[in-house]
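Each chain, letter by letter, is given below.
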Amino acid sequence: MDFTRTDGGAAATPIQALLLDDSAFDRARIRRMAQFADLPVVIDEAPTLTSLAEKLDTNTYDLVLIDYRLSEGDGLAALDILQADSRHRDTAKIMISGNDRIDIAVTALKRGCDDYISKRDISRAQLEQVFRQVLARAVRGFPTAAELETAVEGALLRALQTDMVRSSLARALRLAADTPAASDELRHWLQRFEDSGAFEFRQTAPHTQRSDHTAVD
């Protein structure tokens, strides 16, 4: 796709996006937010995996927004369809989910998703940021290995900061501390989280060694 830029910095050629979501309400909501983005975007809609495949056969997209929970199948199945399509294997893919499970986020990223965002927290500003990332990717070509690593780490950190994931992680850590195999050092480390009752995840600076202070006391 040839993004010819105008003097104002906007892309003259619209970003071609496809939104997979079985909820007409959510599709309309996301479309409304996209209309206010400061970049031209054309959005096609697909309510099912079958319609997704049909759209991919007849059109070429720069971005696919994928709802994880579908009436038939899920967003991971959609990623498989995209990966099997030679024209869309390298298309930008964003998973949108109301289910804040860290395992889903990790699996989606491993299966070729570029980012993972919460449907509850999605906003016009967040969508515009996604569109700008797609534009930058098209203009510059594919990202470097370092850029990919940063993008994946950022997506995981955003997933870890949701209340549901933090609560689930707290329970898992407490169960781990109670297992017979847990060392005294591990129990002491986990007890700090039990005492604080809160978690905060930070992105460390590049080339710095991580320590057990990744989480705040």
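Refer to the structure above for everything that follows.
Residues numbered from 1 in each chain as written. Predicted model: local features only at pLDDT ≥ 70, side-chain atom pairs only at ≥ 80, totals over all residues. Heavy atoms only, no water.

A short note on helix 3 (residues 75-84)
Residues Gly75, Leu76, Ala78, Leu79 and Leu82 constitute the buried set of helix 3. For helix 3, the angular spread of buried residues about the axis comes to 150°, placing them on one side. Packed against the buried residues of helix 3 are strand 1 (15-20), helix 2 (49-58), strand 3 (63-67), strand 4 (92-97) and helix 4 (102-110). The N-cap of helix 3, judged by a side-chain oxygen 3.0 Å from the amide nitrogen of leucine 76 a few residues on, is aspartate 74. (Buried < 20%, exposed > 50% of the residue type's maximum accessible area, 1.4 Å probe, protein only. Helix = DSSP H or I, 4+ residues; strand = E, 2+ residues; numbered from the N terminus. Arc of directions from axis to C-beta. Contact = heavy atoms within 4.5 Å. Polar contact = N/O pair within 3.5 Å; in protein donor to acceptor, adjacent residues only side chain to side chain.)

Observations regarding the environment of leucine 76
Take leucine 76: it is sitting in helix 3. Taking the C-alpha atoms as reference points, leucine 76 and alanine 108, separated by 32 residues in sequence, lie 6.5 Å from one another. Contacts of leucine 76, omitting those with residues within four sequence positions, involve Tyr68, Met95, Thr107, Ala108 and Arg111.

Focus: the environment of arginine 27
Its location among the elements puts arginine 27 in helix 1 (residues 24-35). Residue class for arginine 27 comes out buried when judged on its relative accessible area of 12%. As a C-alpha pair, arginine 27 and alanine 46 span 19 residues in sequence and 9.1 Å in three-dimensional space. For arginine 27, the contacting residues outside a window of four places in its chain are Leu19, Asp21, Asp22, Glu45 and Pro47.

A few points about the sheet that holds strand 5 (residues 115-118)
Strand order across the open sheet formed by five strands is 2-1-3-4-5, with parallel pairing between neighbours. With one partner strand each, in any of the chains shown, strand 2 (41-46) and strand 5 form the two edges of the open sheet. In this sheet, adjacent strand axes meet at a mean angle of 20° when their direction is disregarded. Both strand 1 and strand 3 contribute to a ladder of four bridges, which runs parallel. Pairing of leucine 20 across the sheet is with isoleucine 66, part of strand 3. This element, helix 1, spans strand 1, strand 2, strand 3 and strand 4 of the sheet and lies at about 175° to strand 2. (Pairing = 2+ DSSP bridges. Axes fitted to C-alpha atoms, helices over the stretch in contact; angles between N-to-C directions.)

What to know about helix 2
For helix 2, every residue scored as buried is listed here: Leu49, Ser51, Leu52 and Leu56. Angular distribution of buried residues about the axis of helix 2 spans 155°; they occupy a single face of the element. In helix 2, those exposed residues whose orientation departs by more than 90 degrees from the buried face are Thr50, Asp57 and Thr58. Where helix 2 is buried, its residues touch strand 1, strand 2 and helix 3.

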